[in-house]
Amino acid sequence: MAKKQMTPEEYKAKLEIKAAKSERFSKVFLSSIAVLLSLVIVFSVVSIAQTTMLTVGNGGSVSVGGNNVSGGNDNSNTPSDDNSFVDGGNDVTPDNGDNGDATTPDSGTQTPAPEATDANQEALDMYKKAVANARANAKQVIRVKDGAINYKGHVQAGKLSSAASTLMGMFMVKDEASIEAKNEVWDKSKLPNASALTLNGLQKITREEKGNTYVITVVAKNAVNPKANADGVGSIAGVIEESQITGSISSVPGLTLSNIKISYENVKAVATIDKATGNLVGLYIDAPCILGLDAKLAVISISGAEVGIEVFTEYKISY
């Protein structure tokens, strides 16, 4: 049977249909590739955030009067969150004058340091001495808990924020109470190095008496890209540094990161110190931050990607 000859008009229409199909396929294919590459970037950002935070995350909870304080929501053994310094029942409310020089992330405002009273300095000296002694002389350090949650539910990845939020669930638990106990022996030298900590690096310090212990709470001034072991955040918790983030992306060929910014806020340590010996017997560190960066993979990029991360760790210390 002879093949039907098409008229020029029919042939032109066939070519147009074929071109339209090809265009639709290309559009869908390229869009799918773009989404997949973007998800790789988001996945990498979230993975980097989790890996680096848990690698350097020093934090913990306290053992008050022999009772372990877990990372859950029971705050019965947690020092009160007021602005008073408590010493032997005499409250001294610190002046909120601006004595500090740290900058609050993204606000440009300065956070005042606690008043340089004898009581505040005494509490800080007690905290530093107890931490240094634990690093040098503790018989055993148990890391009771260690884990991270998505801080304030913050995820920002443009149109892929929803997908990024879903991915977060693959790396982080829902809340602090969901962090499972580890109860693992920990290297005492990995406890925070508080030797450089000063009142000027803090926004708050309190001390309370609880039975046979003192409970000292220090809250660092907010800081962007702080250095490990430096005054403030770096003396209270493990911090992420840019080199750790850039070094962790080698497993994703072609992925580049830039404009890395780690904004820490309200990083807190709660130390429980035995009155009789001055020994640090428990430590709780809560280290929230916002990790922000730009990411690019091939021709796909995300600007201003952000992930909120809050690391909690609990230590129990014996001598």
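Description of the structure in this document. (Residues numbered from 1 in each chain as written. Predicted model: local features only at pLDDT ≥ 70, side-chain atom pairs only at ≥ 80, totals over all residues. Heavy atoms only, no water.)

Side note on the overall build of the protein
For step 1, the next point in the chain: Counting its regular elements, the protein contains five helices and 13 strands.
For step 2, the next point in the chain: When each of the 319 residues of the protein is scored for burial, the buried share is 46%.
For step 3, the next point in the chain: Sequence-distant contacts in the protein: of pairs separated by 6 or more residues, those separated by 24 or more amount to 75%.
For step 4, the next point in the chain: Surface summary for the protein: the accessible area is close to 15900 Å², and the carbon and sulfur share equals 52%. (Helix = DSSP H or I, 4+ residues; strand = E, 2+ residues; numbered from the N terminus. Buried < 20%, exposed > 50% of the residue type's maximum accessible area, 1.4 Å probe, protein only. Contact = heavy atoms within 4.5 Å. Areas by Shrake-Rupley, 256 points an atom, 1.4 Å probe, with all protein chains shown as cover.)

Some remarks on the packing of aromatic side chains
Two aromatic rings, taken as a pair, are described by how far apart their centres are and by the angle between their planes.
For step 1, the next point in the chain: Enumeration over the complete set of coordinates arrives at two aromatic pairs.
For step 2, the next point in the chain: Note that lysine 190 overlies the ring of tryptophan 186, its terminal NZ or CZ placed 5.1 Å from the centroid.
For step 3, the next point in the chain: The residue whose ring lies beneath arginine 207 is tyrosine 214, and the NZ or CZ to ring-centre distance is 5.0 Å. (Phe/Tyr/Trp six-rings, centres within 6.5 Å; stacked < 30°, edge-to-face > 60°. Lys NZ or Arg CZ within 6 Å of the ring centre and 35° of its normal.)

A few points about the pattern of salt bridges
For step 1, the next point in the chain: Considering all chains together, one arrives at five salt bridges under this definition.
For step 2, the next point in the chain: Here arginine 143 makes a salt bridge to aspartate 146, at a shortest N to O gap of 3.4 Å.
For step 3, the next point in the chain: For arginine 143, a relative accessible area of 8% puts it in the buried group.
For step 4, the next point in the chain: A relative accessible area of 8% places aspartate 146 in the buried class.
For step 5, the next point in the chain: A salt bridge links lysine 275 to glutamate 209, with the shortest nitrogen-to-oxygen separation between them at 2.5 Å. Pair noted here: lysine 275 is in the loop between strand E11 (268-274) and strand E12 (280-297) and glutamate 209 is in strand E7 (residues 202-210), with a separation of 66 residues, a long-range link. (Salt bridge = Lys/Arg side-chain N within 4 Å of Asp/Glu carboxyl O.)

A short note on the nonpolar core
For step 1, the next point in the chain: Core analysis: the largest hydrophobic core is formed by 51 residues, its most contacted members being Tyr127 and Ile236.
For step 2, the next point in the chain: Counting residues per element, this core draws most heavily on E12, which supplies nine residues.
For step 3, the next point in the chain: Once you skip the residues sitting within four places of it in the chain, isoleucine 236 turns out to touch Pro192, Leu197, Leu202, Val218, Val219, Ala220, Val267, Lys268, Ala269 and Ile285.
For step 4, the next point in the chain: Residues Ile149, Ile179, Val215 and Val270 belong to the second largest nonpolar core, which totals six residues. (Core = buried A, V, L, I, M, F, W, Y, C linked by side-chain atoms within 4.5 Å.)

Thoughts on the environment of valine 239
For step 1, the next point in the chain: Mapped onto the elements of the fold, valine 239 is located in the loop between helix H4 (233-236) and helix H5 (242-246).
For step 2, the next point in the chain: In this structure, the C-alpha to C-alpha distance between valine 239 and isoleucine 262, residues 23 residues apart in sequence, is 9.0 Å.

Notes on the pairing of strand E10 (residues 255-264)
For step 1, the next point in the chain: One ladder, built from two bridges, connects strand E9 (residues 223-224) with E10; its direction is antiparallel. Across the sheet, the residue bridging to alanine 223 is tyrosine 264, located in E10.
For step 2, the next point in the chain: The pairing of E10 with E12 spans eight bridges and is antiparallel. In the strand pairing of E12, threonine 256 is matched with lysine 296. (Pairing = 2+ DSSP bridges.)

Coordinates in, geometry out; function isn't part of it.
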